[in-house]
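A look at the structure
One letter stands for each residue in the lines below.
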Amino acid sequence: QVQVVESGGGLVQPGGSLRLSCAASRRIFSINAMGWYRQAPGKERELVAAITSGSRTNYADSVKGRFTISADSTKNTVYLQMNSLAPEDTAVYYCKVTVVVGPEESDYWGQGTQVIVSS
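Overview of the structure. Residue indices follow the written sequence of each chain, beginning from 1 at its first position. The predicted nature of this model means local features are confined to residues of pLDDT at least 70 and side-chain atom pairs, given and counted, to a pLDDT of 80 or more, with totals for whole chains, interfaces and linings taken over all residues. Note: side-chain values were computed over all heavy atoms of the structure, leaving out hydrogens and water.

Thoughts on the state of the cysteines
Cut-off, in case you're wondering: Here, a disulfide means two cysteine sulfur atoms that sit within 2.5 Å of each other. Comment: elements are numbered from the N terminus, with helices defined as DSSP H or I runs of at least four residues and strands as E runs of at least two.
For the structure on display, the rule yields one disulfide. Paired by a disulfide, Cys 22 and Cys 95 hold their sulfur atoms 2.0 Å apart. Its S-S torsion of about -85° marks the bond between Cys 22 and Cys 95 as left-handed, since a negative value means left-handed. Residue Cys 22 is located in strand S3 (residues 18-24), and its partner Cys 95 is located in strand S9 (residues 91-101); the two are separated by 73 residues in the primary sequence.

Right, here's the structure in full:
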């Protein structure tokens, strides 16, 4: 069992920046991948950014060049640095941790952190 806790959300003006944190109760080296998803009101949850155990990253087209995902193994934490925020980025942001043990793959989700981009 893995516990996942997000933090760092809040209210920010358009063009501003915010850094989200995702802390896992398992060492990052034992985690296959971690990702950030978001869900806006009335919309489906979508992938924002992900990072694998090999430090490979991928981003949704809508956030490329603005968001950066990174990991700090000493803190078992991944971060999402969000720059040039726009109202369209308003959503609840969720962290997902994927753990693979043999043929079994398990996903663990945090409770989410609210991001509101508004003037």
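Still more to cover.
Some words on the pairing of strand S5 (residues 46-52)
Rules: Here a strand pair is declared whenever DSSP counts at least two bridges between the two strands.
Summarising the sheet, strand S4 (residues 33-39) and S5 pair through six bridges and their orientation is antiparallel. When the sheet's bridge partners are listed, Tyr 37 is paired in S5 with Leu 47. Two successive antiparallel strands, S4 and S5, enclose a turn made up of six residues, where Gly 42 displays a positive phi of approximately 80°. Strand direction decides the pairing type here: S5 and strand S6 (residues 57-59), joined by three bridges, are antiparallel. What sits directly across from Ile 51, in S6, is Thr 57.

Overview of the nonpolar core
Definition in use: Here, nonpolar core refers to any group of buried Ala, Val, Leu, Ile, Met, Phe, Trp, Tyr and Cys residues whose side-chain atoms link them within 4.5 Å. For every residue, the accessible area obtained with a 1.4 Å probe (protein chains only) is divided by the maximum for its type, and the residue is called buried under 20%, exposed over 50%, and partly exposed between those limits.
With 29 residues, the main nonpolar core has Met 34, Trp 36, Leu 80, Met 82 and Tyr 93 as its most contacted residues. Of all the secondary-structure elements, those providing two or more residues to this core are S3, S4, S5, strand S7 (67-72), strand S8 (77-82), S9 and strand S11 (113-117). In terms of residues, this core owes the most to one element, S9, which gives five residues.

Brief notes about the pattern of salt bridges
Pairs may arise between side chains of opposite charge once their charged atoms sit close together. Threshold: Salt bridges are counted wherever a side-chain nitrogen of Lys or Arg sits within 4 Å of a carboxyl oxygen of Asp or Glu.
The tally for this structure, following the rule as stated, stands at five salt bridges. Taking the shortest distance from any N to any O, the salt bridge between Arg 38 and Glu 46 comes out at 3.0 Å. For Arg 38, a relative accessible area of 7% gives the class buried. The partner of Asp 89 in a salt bridge is Arg 38, with the nearest N and O atoms 2.9 Å apart. With Asp 89 in the loop between S8 and S9 and Arg 38 in strand S4, this residue pair connects regions lying 51 residues apart in the sequence. In this pair, the class of Asp 89 matches that of Arg 38, namely buried. One connected set of salt bridges, linked through shared partners, spans Arg 38, Glu 46, Arg 66 and Asp 89.

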